[in-house]
Amino acid sequence: YRTPTGAVYDSGDYVARLDEAIELADGAGFAARRAEAARRGKLRGLGLGPYTAGTGGLPQEYAEVRVLPTGIVEVPLGCQSQGQGHETVFAQVVAERLGVPFENVSIVMGDTDRVAKGVGTFASRSMVRAGSAAVEAIDAVVAAGKPMAAHLLEAAATDIEYRDGAFRVVGTDRSIGIFEVARAAAAGKLPQALGTTLGAARMHENPAFAFANGCEVCELEVDPETGAVEIVAWTMVDDSGRSVNPMIVHGQQHGAVAQGIGQALTERCVYDSASGQLVSGSFMDYAIPRADDLPSISV
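Here we summarise the structure given alongside this text.

Criteria and cut-off values
- Residues numbered from 1 in each chain as written.
- Predicted model: local features only at pLDDT ≥ 70, side-chain atom pairs only at ≥ 80, totals over all residues.
- Heavy atoms only, no water.
- Helix = DSSP H or I, 4+ residues; strand = E, 2+ residues; numbered from the N terminus.
- Rg over C-alpha atoms; globule rule 2.2 N^0.38 Å.
- Buried < 20%, exposed > 50% of the residue type's maximum accessible area, 1.4 Å probe, protein only.
- Contact = heavy atoms within 4.5 Å.
- Areas by Shrake-Rupley, 256 points an atom, 1.4 Å probe, with all protein chains shown as cover.
- Lys, Arg positive; Asp, Glu negative; His and termini not counted.
- Charge placed at Lys NZ, Arg CZ, Asp CG, Glu CD.
- Pairing = 2+ DSSP bridges.
- Right-handed = clockwise from strand over helix to strand, strands pointing away.
- Polar contact = N/O pair within 3.5 Å; in protein donor to acceptor, adjacent residues only side chain to side chain.
- Axes fitted to C-alpha atoms, helices over the stretch in contact; angles between N-to-C directions.
- Salt bridge = Lys/Arg side-chain N within 4 Å of Asp/Glu carboxyl O.

Moving on to the overall build of the chain. Across its full length, the chain carries six helices and 11 strands. Taken over the C-alpha trace, the chain has a radius of gyration of 26 Å; the compact-globule value for 299 residues is 19 Å, which it surpasses by more than 25%. Judged by the C-alpha coordinates and their principal axes, the chain covers about 85 × 50 × 40 Å. Counting across all 299 residues of the chain, residues that qualify as buried make up 35%. Contacts in the chain between residues at least 24 apart in sequence constitute 66% of all its contacts with a sequence separation of at least 6. Total accessible area on the chain is roughly 16,400 Å²; 52% of this is exposed by carbon and sulfur atoms. Across the chain, the centroid of the 24 positively charged side chains sits 4 Å from that of the 37 negatively charged ones.

Below, the discussion takes up the pairing of strand β3 (residues 73-76). By the alternation rule, side chains of β3 split into Val73 and Val75 and Glu74 and Pro76, which are all buried. Where strand β2 (residues 60-67) and β3 come together, two bridges link them in antiparallel fashion. Across the sheet, residue Val67 finds its bridge partner in β3, namely Val73. In the sheet, β3 pairs with strand β4 (residues 105-108) via four bridges, with the strands oriented parallel. The partner of Val73 across the bridge, within β4, is Val105. What joins β3 to β4 is helix α3 (residues 86-98), and the crossover it makes is right-handed.

So, about the side chain of Asn245. Take Asn245: it is sitting in the loop between β10 (229-239) and α6 (246-266). The class for Asn245 is buried, based on a relative accessible area of 14%. In terms of polar contacts, Asn245 uses its side chain to reach the side chain of Gln92, at 2.9 Å. Excluding residues within four positions of it along the chain, Asn245 makes contact with Thr88, Val89 and Gln92.

Moving on, we come to the sheet that holds strand β1 (residues 43-55). The four strands are arranged β1-β9-β10-β11 in an open sheet whose pairing can be described as mixed. The strands lining the two open edges of the sheet, one partner per strand, are β1 and β11 (297-298). Where β10 lies against β11, two bridges are found, and the strand directions are parallel. The residue of β11 that forms the bridge with Trp234 is Ile297. Of the strands in this sheet, β1, β9 (210-222) and β10 are in contact with helix α1 (residues 14-24), which crosses β9 at around 25 degrees.

Opposite charge on two side chains permits them to pair, given that their charged atoms come into close proximity. Taken as a whole and assessed by the stated rule, the structure comprises 14 salt bridges. For Arg114, the salt bridge goes to Glu74, with nearest N and O atoms at 2.5 Å. A residue pair is termed long-range when its members are at least 10 positions apart, and Arg114 in the loop between β4 and α4 (126-153) and Glu74 in strand β3 qualify at 40 residues. The exposure class of Arg114 is partly exposed, given its relative accessible area of 34%. You can call Glu74 buried: its relative accessible area is 12%. Ionic contacts of the salt-bridge type, sharing partners, join the residues Asp26, Arg33, Glu36, Arg40, Arg44, Glu219 and Glu221 into one network.

Moving on to the sheet that holds strand β5 (residues 160-163). Judged by pairing direction, the sheet is antiparallel, and its three strands sit side by side in the order β5-β6-β7 without closing on themselves. Where the open sheet ends on each side, the last strands, each with one partner, are β5 and β7 (175-177). Each strand of the sheet is rotated relative to its neighbour by a mean of 25 degrees, with strand direction disregarded. Across three bridges, the pairing between strand β6 (residues 166-169) and β7 is antiparallel. The residue of β7 that forms the bridge with Ala166 is Gly177.

Next comes the structure, spelled out in structure tokens:
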């Protein structure tokens, strides 16, 4: 769907996500719960928050894939983990695409001696951009490795295929592992034109955004005598596309809910009106949400 301002929503069934969230939150039973709360002297409310979110801000990102003779695939990336589990999810992508063991992949971030360039981590862009750059670099590595393997297997490069971590001569049982090719290159066993390393770098660029969508449902009670708010239930349905690591995605969903609740109910920058001095400058004064501020979150 192309919006009037030119953005293209690549996919999304928004009404289905709204209906799913309301069903999971037992919207049909809300009236009864509100009546029960009223008998206890509490005001009970239900709030819906549907959303559509563009991901992949800024269209470029850098990744390099180096197949080392030591049996490690080193992957310098232009983004930087801030606790989202990049070391895990990017290694998963590389291991699956290249067909090598997960434990043989080493992700390198934040080292300007080893990462040539990059844009960074923000605006839900890392997997969309850096993940794509890594896939493009892997494909370039495979393309570069085929003539190397062809020389070592004494075959034509056009007869070489790659799968499951090895180059194979099509229609035969002859093959050579990708790390063996890297070792042969490093040992100078290949023609000079093929080089002495097996690796590739790519700056991914794609102007298109990927759009996630979903809906959140909050149910809460307010004590009219004190104004105290208690969140009693929170439901989140998010169509984030293919999840590389569902456990990490769920953790990010929980964190997003906690951050939103904190911004809505407890967090505030307070300045002294006379001096302009910030008086909520430490966690003694600035009220980030604690465990007892949060409900059980259903994602």
